[in-house]
Amino acid sequence: MDAIEVLQKRRSIRKYTRKAVSRKDIETIVDCGRLAATARNEQPWEFVVVTDAKMRKTLAEITEYGKFIADAPVCICVLCKDTKYYIEDGSAATENIMLAARALGLGTCWVAGDKKPYAGKVAKILGAPEGYKLVSFIPIGHAEDLGQNCTKRPLGEVLHWEKF
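These notes cover the structure that comes with them. All figures in this text were calculated on a predicted structure; none of them were measured in a lab.

## Focus: the overall build of the chain
Along the chain, the regular secondary structure elements total 6 helices and 5 strands. Along the chain direction, N to C, the helices and strands of the chain fall in the order α-α-β-α-β-α-β-β-α-β-α. The globule rule puts the C-alpha radius of gyration for 164 residues at 15 Å, and the 16 Å found for the chain is close to it. Principal-axis analysis of the C-alpha atoms places the extent of the chain at approximately 50 × 40 × 30 Å. A total of 164 residues make up the chain; the buried ones form 40% of that total. Approximately 10,000 Å² of the chain is accessible, and the part contributed by carbon and sulfur atoms is 53%.

## Quick word on unusual backbone geometry
The phi dihedral of Arg-40 is positive, around 55 degrees, even though this residue is not glycine. You can see Arg-40 is positioned in the loop between α2 (23-34) and β1 (45-50). Judged by relative accessible area, which is 55%, Arg-40 ranks as exposed. Backbone geometry at Gln-43 places phi at a positive 45 degrees, although glycine is not the residue there.

## Notes on the pairing of strand β5 (residues 132-141)
Of all 10 residues in β5, 9 are buried, a share of seventy percent or more. The pairing of strand β2 (residues 74-81) with β5 spans 8 bridges and is classified as antiparallel. What sits directly across from Leu-79, in β5, is Leu-134. Strand direction decides the pairing type here: strand β3 (residues 107-108) and β5, joined by 2 bridges, are antiparallel. Bridge pairing links Thr-108 to Ile-140 in β5. Relative to β5, strand β4 (residues 111-112) runs antiparallel, the two sharing 2 bridges. Following the sheet pairing, Val-111 is matched in β5 by Phe-137.

## With respect to the pattern of salt bridges
Applying the stated criterion across every chain, the model contains 8 salt bridges. One salt bridge in this structure joins Glu-42 and Arg-40, with 2.9 Å as the shortest N-O distance. With its nearest N and O atoms 2.7 Å apart, the salt bridge here joins Lys-116 to Glu-64. Here the residue Lys-116 occupies a position in the loop between β4 and α5 (119-125), and Glu-64 occupies one in the loop between α3 (53-62) and β2, the gap between them amounting to 52 residues.

Parameters at a glance
Residues numbered from 1 in each chain as written. Predicted model: local features only at pLDDT ≥ 70, side-chain atom pairs only at ≥ 80, totals over all residues. Heavy atoms only, no water. Helix = DSSP H or I, 4+ residues; strand = E, 2+ residues; numbered from the N terminus. Rg over C-alpha atoms; globule rule 2.2 N^0.38 Å. Buried < 20%, exposed > 50% of the residue type's maximum accessible area, 1.4 Å probe, protein only. Areas by Shrake-Rupley, 256 points an atom, 1.4 Å probe, with all protein chains shown as cover. Pairing = 2+ DSSP bridges. Salt bridge = Lys/Arg side-chain N within 4 Å of Asp/Glu carboxyl O.

The following block contains the structure:
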């Protein structure tokens, strides 16, 4: 699948089959995350891959809108050192992870971390050193269904030339 097709076909997936994701695919996906754009090349990110069902269930129960984390065979947690641009850098890494997973035929969904009241608790559960912040959870797996094809605003409505 080429890059444009990956971008056009990415969907938020909240239902996963029980089929495992290979370690090789997980490593490829995380590698793409670490290659994300980063302010001042700080690379503040760390990636915690959670495959243990009990741990995924614990993480799912903590979230408001991520209960399906328990059902995905993998959850990648993106944490970043508290630098000036950690949220931008962590978000870029999160998007790279989601797109890489889609390119490999896998589904994902971005579950919020940074501004949630549970962010600090999750960082502690994951054993993150002091000064690291949870940016996102990314459950990953083989999609049970392809998710909803959300309507996006048309290009002509959001594209502006030279000025707003």
